[in-house]
Amino acid sequence: MKKLMNEAVNYVDEVLDGLQLAHPDVFKVDGETGRMLRKTTPSTGRVAVVSGGGFGHLPIFAGYVGDGLLDACAVGDVFASPDMNPMLEAITHADDGNGVVCVVGNYGGDKMNFAMACEMAEMEDITAQQVIVSDDVASASADKAEKRRGVAGLVYVVKIAGAAAAEGRDLAAVVAATQKAADSCRSIGVALGSCVVPQAGKPTFEIADDEMEIGMGIHGEPGVSRTKLMPADALVAELMDHVLPELELKTGDKVSMLVNGLGATPNEELYILFRAAQSILKGKGIDLVQPLVGNYATSMEMAGASITVMKLDDDLQKLLAAPATNPFWKG
Amino acid sequence: MGLTSNHLRHAIRAIQKDVDAMGDLLNELDAKLGDGDLGVTMVNGFNNMAAIADDLPDDFGRACMEAAKAMTKVSGSSFGTLMGISLMAVAKQTKGEDTIPWSRLSDLIGTAIDAMMERGGASLGDKTILDSLEAIRRACTELDRPDTVLSASVEAATDALYSFRDKPNRIGRARIFGDKTIGMDDPGMVAIQKMLQAL
């Protein structure tokens, strides 16, 4: 393991501390648990949006606390769900009496703990509702879509939820927009090299120098196929073949697309992938709006990338374009 | 007369007093089948709950909720989460009540079982704590005195443990070991029995 760190056990807390020290006007570490990151200046008089999940994916989840994005976020250990307590702290802190939307990736621990936190909040007379994000087409077939993992689509869903809340919509309307965003995203990743969980100290998986794994999850979960490295254009064609069919796009439909780096892949290569993906969309007569290229949902030092396509209607397009202020968000 | 927050305080303290010995045994059992952290979860969870036992509110529902928060502060084993889920299920049913008639205990256990099945994905017969609790639920039906409830529960938890000993684990990490788990006690089921015996 080669990492710039101190004791592995302090890894997460030192990152959170660094975030609040570097951006004191945006981030504040809070809660009895010290695992709740919130906006330094809370918003009032509107629905709140929170999220939470395992750490090691910056900017998602905690990195997207900010105006027009998340109000607060529960932080777990690297690749491990937070327990219910920081989630409840995030919900109760963020609530201003108008209800809370919880954006949750489709992982057993995250869902179970958020469900408990929502029930506890309910006992304190706070209405908190979960929207589950399960955009990874490689993790289960379409007829078992409820088993799919949440990956980079979380970025879009957080952005839409935050924008809908900032606009002053009521809880039902924010939940509806957030759910629509979750339903409109499809993603797939490709991994070239492993990540290392600090407390594990060794690579999560083995992969040969000349191999790539298509469909690998953001914690190293097995993908759909392991192949020899192929040229970027051919790879993108295959990835888009997985992502696009379920969106049932027609000529003239609008989409946004996120070409996301998993941590160790340079921006240069992301733009090579983007170029190829853009050309495929153009060839199908699909209108690409507000593309995103960069590191938005990572897996520590995993090498590779993911492509997320979100089908847009006018409302989603407007919410995606709405202002958001945050050290990581680049719209 | 019925179940109150005082009983909950007493139970937490009684189990916490024995939890270190319990923890060693459970870690050992869990190391063979799971990730070996069941004992640690029990020790940390009961230490956390004991720390707040004196401050538990008299509202039994709220007391269960505070206990759930303390229990789940130890991340790691799903056992902690499942205990939190059961306490929450009971909390929802009893919010605002100081005294719960003993005759309702059976139904409350049933609510906890349902919540754990919904959230955890296990079914009855999978050789988990659900099978212990289902046996206890049945044994407590129509009992309305604390002494008979406790003795029937200990007996039911022990019977369940023995009757599942020769069946395979069908869920969780232990499932991977399949038929090798025949003849082995499920660590979670042992935990239930040991907790009740401590009372």
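Think of each chain on its own: its residues are numbered from 1, step by step along the sequence as written. Whichever chain is written first is A, and whichever ligand is written first is 1; the rest continue in order. Where totals are concerned, whole chains, interfaces and linings use all residues; where local detail is concerned, this predicted model gives features only for residues with pLDDT of at least 70, and gives and counts side-chain atom pairs only at 80 or more. For the side-chain quantities, the full set of heavy atoms in the structure was used; hydrogens and water were omitted.

**Some points on the interface of chain A and chain B**
Then step 1. Whether two residues are in contact is decided by their heavy atoms, any of which lying within 4.5 Å being enough. Each partner contributes residues to the interface: chain A has 14 residues there, and chain B has 17 residues.
Then step 2. Three residues stand out in chain A for area buried against chain B, namely Met112(A), Glu119(A) and Met123(A), and they jointly supply 40% of the buried area on that side.
Then step 3. Salt bridge, as applied in this entry: a Lys or Arg side-chain nitrogen positioned within 4 Å of an Asp or Glu carboxyl oxygen. The tally of links from chain A across to chain B stands at 4 salt bridges.
Then step 4. The salt bridge partner of Lys73(B) is Glu32(A), with a shortest N-O separation of 3.4 Å. As a working definition, buried area equals the accessible area (1.4 Å probe) given up by two parts on being put together, with both sides summed.

**Concerning the pairing of strand 13 (residues 303-312) of chain A**
Note on strand geometry: in a regular strand, side chains alternate between the two faces of the sheet.
Residue and element names in this part refer to chain A.
Then step 1. With 9 of 10 residues buried, strand 13 lies mostly within the body of the structure.
Then step 2. Strands are treated as partners if at least two bridges between them are detected by DSSP. Note on conventions: DSSP H or I runs of at least 4 residues are helices, E runs of at least 2 residues are strands, and numbering of each starts at the N terminus. Note that strand 7 (residues 185-193) and strand 13 share 8 bridges and pair antiparallel. Across the sheet, the residue bridging to Arg186 is Val309, located in strand 13.
Then step 3. Note: strand 10 (residues 254-261) against strand 13, 8 bridges, orientation antiparallel. Paired with Val255 across the two strands is Lys311, which belongs to strand 13. Any residue under 20% of the maximum accessible area for its type is buried, any over 50% is exposed, and the rest in between are partly exposed; the area is computed with a 1.4 Å probe on protein chains only.

**A few points about the packing of aromatic side chains**
Residues and elements named next belong to chain A.
Then step 1. Stacked, tilted and edge-to-face are the three classes assigned to paired rings of Phe, Tyr and Trp, where Trp is represented by its six-membered ring and a pair needs centres within 6.5 Å; plane angles under 30 degrees give stacked, over 60 edge-to-face, the rest tilted. Under the criterion given, the structure shown has 2 aromatic pairs over all chains.
Then step 2. Between Tyr64 and Trp329, the aromatic rings sit 6.3 Å apart at their centres with planes inclined by 75°, giving edge-to-face as the arrangement. On the criterion of sequence distance, the pair formed by Tyr64 in the loop between strand 3 (48-55) and strand 4 (72-78) and Trp329 in the segment after helix 8 (314-321) is long-range, its members being 265 residues apart.
Then step 3. Taken together, a centroid distance of 6.2 Å and an interplanar angle of 75° make the contact between Tyr296 and Trp329 edge-to-face. Linking Tyr296 in the loop between strand 12 (292-294) and strand 13 with Trp329 in the segment after helix 8, this pair joins segments that are 33 residues apart in sequence.
Then step 4. Three or more aromatic residues joined by ring pairs form one cluster here, namely Tyr64, Tyr296 and Trp329.

**A closer look at unusual backbone geometry**
Residues and elements named next belong to chain A.
Then step 1. Cis geometry marks the peptide bond from Leu58 to Pro59, where omega comes out at 5°.
Then step 2. A cis amide bond, omega 0°, links Ile60 with the succeeding residue Phe61.
Then step 3. Structurally, Phe61 can be placed in the loop between strand 3 and strand 4.
Then step 4. Here the phi dihedral of Phe79 falls at roughly 60°; this positive angle occurs in a residue that is not glycine.
Then step 5. When you line up the elements, Phe79 lands in the loop between strand 4 and helix 2 (84-94).
Then step 6. According to the relative accessible area criterion, Phe79 is buried, its value standing at 18%.

**Brief notes about the side chain of Arg186(A)**
Residues and elements named next belong to chain A.
Then step 1. Along the chain, the position of Arg186 falls in strand 7.
Then step 2. You can call Arg186 buried: its relative accessible area is 16%.
Then step 3. Counted as a polar contact is a pair of N or O atoms within 3.5 Å, where, for protein atoms, one must be capable of donating a hydrogen and the other of accepting one, and residues adjacent in sequence contribute only when both atoms are in side chains. Side chain to side chain, Arg186 and Glu246 meet in a polar contact 2.8 Å long.
Then step 4. Those residues within four positions of Arg186 in sequence are excluded, and the remaining contacts are Asp135, Val137, Arg148, Val243, Glu246, Leu247, Ile307, Thr308 and Val309.

**Quick look at the domain arrangement of chain A**
Residues and elements named next belong to chain A.
Then step 1. A domain assignment, automatic or from a database, supplies the domain bounds used here. Once the domains are mapped, chain A shows domain 1 (8-183) and domain 2 (185-320).
Then step 2. Computed from C-alpha coordinates alone, the two centres of domain 1 and domain 2 are separated by 22 Å.
Then step 3. Each side of the interface is counted separately: domain 1 has 36 residues, and domain 2 has 38 residues.
Then step 4. Each partner contributes to the roughly 3,200 Å² buried at the junction of domain 1 and domain 2, and carbon and sulfur atoms together form 63% of this total.

**Topic: the pattern of salt bridges**
Then step 1. For the structure on display, the rule yields 31 salt bridges over all chains.
Then step 2. With a shortest N-O distance of 3.9 Å, Glu124(A) and Arg62(B) are connected by a salt bridge. With Glu124(A) in the loop between helix 3 (108-123) and strand 6 (128-133) and Arg62(B) in helix 3 (residues 60-72), this residue pair bridges two chains.
Then step 3. Overall, the relative accessible area of 31% leaves Glu124(A) in the partly exposed class.
Then step 4. Salt bridges sharing partners connect three or more residues here, namely Lys39(A), Arg46(A), Asp67(A) and Asp71(A).

**Some remarks on helix 6 (residues 129-140) of chain B**
All names here are of chain B.
Then step 1. Across its 12 residues, helix 6 extends 16 Å between first and last C-alpha, which sits within 8% of the 16 Å expected from 1.5 Å per residue.
Then step 2. Counting buried positions along helix 6 gives 9 out of 12 residues, so the element sits mostly inside the fold.
Then step 3. Looking only at helix 6, the buried set comprises Ile129, Leu130, Asp131, Ser132, Leu133, Glu134, Ala135, Ile136 and Cys140.
Then step 4. The elements touched by buried residues of helix 6 are helix 4 (78-94), helix 5 (105-120), helix 7 (146-165) and helix 8 (187-198).
Then step 5. The first or second residue beyond helix 6 is Glu142, which carries a positive phi of 70°. The length a helix should cover is 1.5 Å for every residue beyond the first.

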